[in-house]
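Each chain, written out:
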2 protein chains.
Amino acid sequence: MAAAAPPPPPTPAPSAPTGLSDSTPGGHPLFSRIRLATPLDIPYIQKLIHQLAIFEKLADLSTATESDLASTLFKSPPFHSFTIFLLEVSSRPFENDSAFHSQNFTPIERIINLDHSVIDPEAEAFANGINGDVVVAGFVLFFPSYSTFLGKPGFYVEDLFVRECYRRKGLGKMLLSAVASQAARMGYGRVEWVVLDWNANAIKFYDEMGANVLPEWRICRLTGSALEAHRDAN
Amino acid sequence: MAAAAPPPPPTPAPSAPTGLSDSTPGGHPLFSRIRLATPLDIPYIQKLIHQLAIFEKLADLSTATESDLASTLFKSPPFHSFTIFLLEVSSRPFENDSAFHSQNFTPIERIINLDHSVIDPEAEAFANGINGDVVVAGFVLFFPSYSTFLGKPGFYVEDLFVRECYRRKGLGKMLLSAVASQAARMGYGRVEWVVLDWNANAIKFYDEMGANVLPEWRICRLTGSALEAHRDAN
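Every value quoted in this text rests on a predicted model; they were computed, and no experiment measured them.

The rules behind each value
Residues numbered from 1 in each chain as written. Chains lettered and ligands numbered in written order. Predicted model: local features only at pLDDT ≥ 70, side-chain atom pairs only at ≥ 80, totals over all residues. Heavy atoms only, no water. Helix = DSSP H or I, 4+ residues; strand = E, 2+ residues; numbered from the N terminus. Contact = heavy atoms within 4.5 Å. Least-squares fit on C-alpha atoms with pLDDT ≥ 70 in both. Core = buried A, V, L, I, M, F, W, Y, C linked by side-chain atoms within 4.5 Å. Buried < 20%, exposed > 50% of the residue type's maximum accessible area, 1.4 Å probe, protein only. Buried area = accessible area lost by both parts, 1.4 Å probe. Salt bridge = Lys/Arg side-chain N within 4 Å of Asp/Glu carboxyl O. Polar contact = N/O pair within 3.5 Å; in protein donor to acceptor, adjacent residues only side chain to side chain. Phe/Tyr/Trp six-rings, centres within 6.5 Å; stacked < 30°, edge-to-face > 60°. Arc of directions from axis to C-beta. Expected span 1.5 Å × (residues − 1). Pairing = 2+ DSSP bridges.

Enquirer: Hey, could you run me through the overall build of chain A in this one?
Expert: Along its length, chain A carries 5 helices and 8 strands. For chain A, the N- to C-terminal ordering of α and β elements is β-α-α-β-β-β-β-α-β-α-β-β-α. In chain A, the proportion of contacts linking residues at least 24 apart, taken out of those at least 6 apart, comes to 79%.

Enquirer: Would you take a moment to explain the relation of the copies chain A and chain B for this structure?
Expert: When chain A is fitted onto chain B, the two copies agree to an RMSD of 0.0 Å after a turn of 180 degrees and an axial shift of 0.0 Å. Here the copies are linked by what is in effect a two-fold axis. A share of 100% of interface residues in chain A that are also interface residues in chain B marks the association as one of identical surfaces.

Enquirer: Would you take a moment to explain the nonpolar core for this structure?
Expert: Looking at soluble globular proteins, one finds that nonpolar side chains tend to be buried together. Phe-85 and Tyr-166 of chain A together with Phe-85 and Tyr-166 of chain B are the most contacted members of the largest nonpolar core, which has 144 residues in total. Tyr-166 of chain A has contacts with Leu-30, Val-89, Val-118, Asp-120, Val-135, Ala-137 and Leu-171 of chain A, leaving out every residue within four places of it along the chain.

Enquirer: Please clarify how the interface of chain A and chain B should be interpreted in this entry.
Expert: Many analyses report the size of an interface as the accessible area lost when the parts associate. Between chain A and chain B, the residue contacts involve 82 residues of the former and 82 residues of the latter. Buried surface at the junction of chain A and chain B, both sides included, amounts to about 7,500 Å², of which 60% is carbon and sulfur. Connecting chain A to chain B are 6 salt bridges. Ionic pairing is found between Arg-218 of chain B and Asp-197 of chain A, a salt bridge with its closest N-O pair at 3.4 Å. Linking chain A to chain B there are 42 residue pairs in polar contact (both at pLDDT 80 or more). Ranked by residue count, the leading element in the side of chain A that touches chain B is helix α3 (residues 171-185) of chain A, at 8 residues.

Enquirer: Would you mind showing me how to read the packing of aromatic side chains here?
Expert: Where two aromatic rings form a pair, the distance of their centres and the angle of their planes describe that pair. Summed over the entire model, instances satisfying the criterion amount to 27 aromatic pairs over all chains. Taking the centre distance of 6.3 Å and the plane angle of 65 degrees together, the rings of Phe-79 of chain A and Phe-105 of chain A count as edge-to-face. With Phe-79 of chain A in the loop between α2 (66-72) and β2 (83-90) and Phe-105 of chain A in the loop between β2 and β3 (108-118), the pair connects residues that are 26 residues apart, well separated along the chain. Accessibility expressed as a relative area gives 3% for Phe-105 of chain A, which makes it buried. Aromatic side chains Phe-79 of chain B and Phe-155 of chain B sit 6.3 Å apart centroid to centroid with 50 degrees between the ring planes, which places their arrangement in the tilted category. Residue Phe-79 of chain B is located in the loop between α2 (66-72) and β2 (83-90), and its partner Phe-155 of chain B is located in strand β5 (residues 152-162); the two are separated by 76 residues in the primary sequence. Ring pairing ties together the aromatic residues Phe-82, Phe-143, Tyr-146 and Tyr-156 of chain A together with Phe-82, Phe-143, Tyr-146 and Tyr-156 of chain B, which thus form one cluster.

Enquirer: Hey, could you run me through the side chain of His-230 of chain B in this one?
Expert: Tracing the backbone shows His-230 of chain B in the segment after α5 (224-228). One polar contact links His-230 of chain B to Ser-177 of chain A, side chain to side chain, over a distance of 2.8 Å. Setting aside residues no more than four positions away along its own chain, His-230 of chain B makes contact with Ser-177, Ala-180, Ser-181 and Met-209 of chain A together with Leu-222 of chain B.

Enquirer: Sorry if this is basic, but what is going on with the pattern of salt bridges here?
Expert: Oppositely charged side chains are able to pair whenever their charged atoms sit close together. Residue and element names in this part refer to chain A. If you walk through the whole model with that rule in mind, you get 24 salt bridges over all chains. Among the ionic pairs, Arg-33 bridges to Glu-88, the shortest N-O distance being 2.8 Å. Remark: Glu-88 occurs in strand β2 and Arg-33 occurs in strand β1 (residues 20-36); sequence separation between them is 55 residues. Both residues of the pair, Arg-33 and Glu-88, count as buried. Among the charged side chains, a salt-bridge network with shared partners connects Arg-33, Arg-35, Asp-41 and Glu-88.

Enquirer: Before we go on, may I ask you to explain helix α4 (residues 200-208) of chain A in this structure?
Expert: In an α-helix there are 3.6 residues to a turn, and that puts residues three or four apart on one side. If you check which residues of α4 of chain A are buried, you get Ala-202, Phe-205 and Tyr-206 of chain A. For α4 of chain A, the angular spread of buried residues about the axis comes to 95 degrees, placing them on one side. Opposite its buried face, α4 of chain A presents the exposed residues Ala-200, Lys-204, Asp-207 and Glu-208 of chain A, each directed more than 90 degrees away. Among the structural elements, α3 and β6 (190-196) of chain A together with β8 (217-223) of chain B are those in contact with the buried residues of α4 of chain A. Once α4 of chain A finishes, Gly-210 of chain A follows within two positions and takes phi at roughly 100 degrees, a positive value.

Enquirer: For this particular structure, what's the right way to read helix α1 (residues 42-55) of chain A?
Expert: Residues and elements named next belong to chain A. Look at α1: 20 Å from first C-alpha to last across 14 residues, which is about the 20 Å you get at 1.5 Å a residue. All of the buried residues along α1 are Ile-42, Tyr-44, Ile-45, Leu-48, Ile-49, Gln-51, Leu-52 and Ala-53. Summarising the contacts, the buried residues of α1 are in contact with α2, β2, β4 (135-147) and β5 (152-162). Two residues or fewer after α1 comes Lys-57, characterised by a positive phi angle close to 55 degrees.

Enquirer: Would you explain the pairing of strand β8 (residues 217-223) of chain A in this entry?
Expert: For a regular strand, side-chain orientation follows a simple rule: the groups alternate between the two sheet faces. Most of β8 of chain A sits out of view: 7 of its 7 residues are buried. Burial along β8 of chain A is two-sided: the face carrying Trp-217, Ile-219, Arg-221 and Thr-223 of chain A and the face carrying Arg-218, Cys-220 and Leu-222 of chain A are both buried. Across 7 bridges, β8 of chain A lies against strand β6 (residues 190-196) of chain B in antiparallel orientation. Note that in β6 of chain B the partner of Thr-223 of chain A across the bridge is Arg-190 of chain B. Direction of pairing for β8 of chain A relative to strand β7 (residues 212-214) of chain B: antiparallel, over a ladder of 3 bridges.

Enquirer: Whenever I open this one, unusual backbone geometry confuses me. Can you help?
Expert: A negative phi angle characterises most non-glycine residues, just as the trans form characterises most peptide bonds. Residues and elements named next belong to chain A. The phi dihedral of Arg-168 falls on the positive side, at around 65 degrees, and the residue is not glycine. As for its position among the elements, Arg-168 is in the loop between β5 and α3. Classification of Arg-168 by relative accessible area gives exposed; the value is 56%.

Printed below as a string of structure tokens:
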């Protein structure tokens, strides 16, 4: 917990190489699914957060343990507080698993036709034990915000992450769009997140999503001992 | 609801003139109190939001009605969702009003000794009907955020506003510090907000509070028709 730490940003697909195998144009379907995360997903989420921190060269600031996450997440109904969409992929169709259907959210499924099948060097670590072939590929964490000008809530996206071998396939856009879609359907006024000003790829990605980058605003942060100093200030 | 609208920032005391009356060094106590707002305070809050929008030269973007606020605020226990601290002032001691004491928050009271009594040109519009001499002077709206790196919640401050004639007396600091104190006592990891990069007075104020301004991050916003376009994207 360092006072100067920048916040974890949503991370769009960077220009990372992709693991490839045989090539058949469009002949390699990647079945993808977005569903609400559950407490059982915490081990995957903790690993994804750690990978995000490494990507941002901020691994030393990423101290969250599975126990930290378990004690602070999944305490409220989805969308009313901190909410996580988990992205799963499979080379086979998903089983019709009604366990992930809820009155809050119906999983979003999409088939992405790739020219090459993906080689996932971490397939074992991210394999979803229940469904055999299913692998956790990314996540987005968001929570309600409020605009006094609009007089209505919105969503703030704290993290958006897709594992390296699954980038540049539209999955990051699918995750962010799922949050935007949820906001629109709830009648919310906006979705916001932050981006590093030098991350041109990300800014282009967000622009294509229809977002504006606000040039004049800066984030202020009170944390660590500077925050603690206010404990008994009143 | 304009796509390019900057968010309402916390607004610290600018160099505005103060209404003055007779001068007696330290002889004019201003009794100040921070308490949790209630639905009964919505008319004051709506007016304060409108004043904030005018101060930011964004009045055309501030469309929230009392009805909008009533239908979206005070839906959850304090600190679990959107939360408002109301700042009240009085030239006389506050009555021992236990109505504002709750298990969630004990009001914070402070006496500020001024050399001049404050002339409040809007005293009538902001008079608290219950307590006679008590006047609403400002507010802060905040809600829980989440840091995946810390694995714990924080608070995000959406608005901080003190009416013009009560600025430069430490009341803005008292409001922001009340949020920071609450965060520290709840074991939260950080308090964040945004500031306009040209607002040197505000940046100095926040620096004195112990906050860091993060230079590299930019806010991205998806709103209006661009947000609506994602409604059925999945």
